[in-house]
Amino acid sequence: MVTIAVDGPSGSGKSSVSRAVAARLGLAYLDTGAMYRAATLWCVRTDVALDDADAVADAVRAMPLTSGLDPAAPTVSLDGTDVAAAIRTTEVSSTVSKVATNLEVRAELKRRQRAIIDDEATGGFSGGRGIVAEGRDITTVVAPDADARVLLTASEEARLRRRSLEVHGAADAAAVAATRDQVLRRDRDDSTVSQFLQASDGVVTIDSSELDLDQTVAAVLAVVEQVVPEAPSARA
Ligand SMILES: Nc1ncnc2c1ncn2[C@@H]1O[C@H](COP(=O)(O)OP(=O)(O)OP(=O)(O)O)[C@@H](O)[C@H]1O
Ligand SMILES: Nc1ccn([C@H]2C[C@H](O)[C@@H](COP(=O)(O)O)O2)c(=O)n1
């Protein structure tokens, strides 16, 4: 069983890179940001005001969330309904930090994330091979005992350009400006409860500003090979 933890700010490439690393190593893949997004959507759909911290925490503790761990096709569903697209709307992206900065919500989602990671040690999707989990507090709070811990960073400019291209299909000044809230303001709010802007002790930093996706995946695989020599070999 190998556990790989990846944290980083918005647009640093955590999800794309972690998915690819999990696929190459035959591991499960857990997108913890999707869990916070699903929690936000659940509150909206059950008419819970996001400013009511106690009501939000109660709603999240009762949330019927399922996370599919196949890196080739990760899924997220609420009460059996696929919400993969619904959790990526601008409405969810711009309000998710309200839920993610609720400390009772964090405790509940940490408990669920830990249970998923532990399940992969004995079976689960990977059949006991292990998992790549990514988010904001995986290297520090959820899995500080992970075999490999990586902080994936990129310059503000690179992160804005990537998110702008992804959401607006362009990276001109107007498109980048429209992306600032979802990247910079969100990081500012989220970093009040998690440490993902600087690496903690023992966490390896990879700066992807000047790397393309394949090069970044290769850099993470190289770290894994170095610090976890017993990890499964990467598939082509
Ligand atoms: N090294 C890279 N070079 C160029 N583009 C990249 C790189 N890494 C990721 N991308 C692209 O940047 C966009 C954002 O990547 P991704 O969603 O993986 O980031 P993230 O860190 O998970 O962001 P968030 O936390 O906001 O969800 C995607 O379109 C992805 O294809
Ligand atoms: N471990 C985590 C994962 C995510 N979050 C918060 C921070 C983000 O605003 C939100 C959505 O994450 P994304 O899908 O953009 O990676 O969830 C967190 O606080 N801790």
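How each quantity is defined
Residues numbered from 1 in each chain as written. Chains lettered and ligands numbered in written order. Predicted model: local features only at pLDDT ≥ 70, side-chain atom pairs only at ≥ 80, totals over all residues. Heavy atoms only, no water. UniProt positions renumbered as here; feature names shortened; annotations may be inferred. Near = heavy atom within 4 Å. Polar contact = N/O pair within 3.5 Å; in protein donor to acceptor, adjacent residues only side chain to side chain. Areas by Shrake-Rupley, 256 points an atom, 1.4 Å probe, with all protein chains shown as cover. Helix = DSSP H or I, 4+ residues; strand = E, 2+ residues; numbered from the N terminus. Nonpolar A, V, L, I, M, F, W, Y, C, P; charged D, E, K, R; others polar. Buried < 20%, exposed > 50% of the residue type's maximum accessible area, 1.4 Å probe, protein only. Contact = heavy atoms within 4.5 Å.

- Named according to an unreviewed UniProt entry, the protein chain is Cytidylate kinase originating from Isoptericola chiayiensis.
- Under the heading Sequence similarities (unreviewed entry), UniProt records this for the protein chain: "Belongs to the cytidylate kinase family. Type 1 subfamily."
- Entered under Subcellular location (unreviewed entry) in the UniProt record, the comment concerning the protein chain runs "Cytoplasm".

Thoughts on the site of ligand 1
- If you check the shell around ligand 1, you find 17 residues, and the closest are Ser-10, Lys-14, Ser-15, Ser-16 and Arg-163.
- Taking Ser-16, its side chain carries an N or O atom lying 2.4 Å from an oxygen atom of ligand 1.
- Here an oxygen atom of ligand 1 sits 3.3 Å away from a polar atom, N or O, in the side chain of Arg-136.
- Alone, ligand 1 offers 630 Å² of accessible surface; in the complex the protein occludes 82% of this.
- Within the residue set of the shell around ligand 1, elements represented by two or more residues are α1 (14-25), α7 (156-168) and α9 (213-227).
- Grouping the constituent residues of the shell around ligand 1 by class yields 3 nonpolar, 7 polar and 7 charged.

Here's the deal with the UniProt feature "binding site: ATP" (unreviewed entry) in the protein chain
- When the UniProt feature table is mapped to this numbering, "binding site: ATP" (unreviewed entry) covers Gly-8, Pro-9, Ser-10, Gly-11, Ser-12, Gly-13, Lys-14, Ser-15 and Ser-16.
- Along the chain, Gly-8 falls in the loop between β1 (2-7) and α1.
- A residue is classified by how much of its surface remains accessible, and Gly-8, at 0% relative accessible area, is buried.
- When residues no more than four places from it in sequence are discounted, the contact partners of Gly-8 are Lys-14, Gly-135, Arg-136, Leu-151, Leu-152 and Phe-196.

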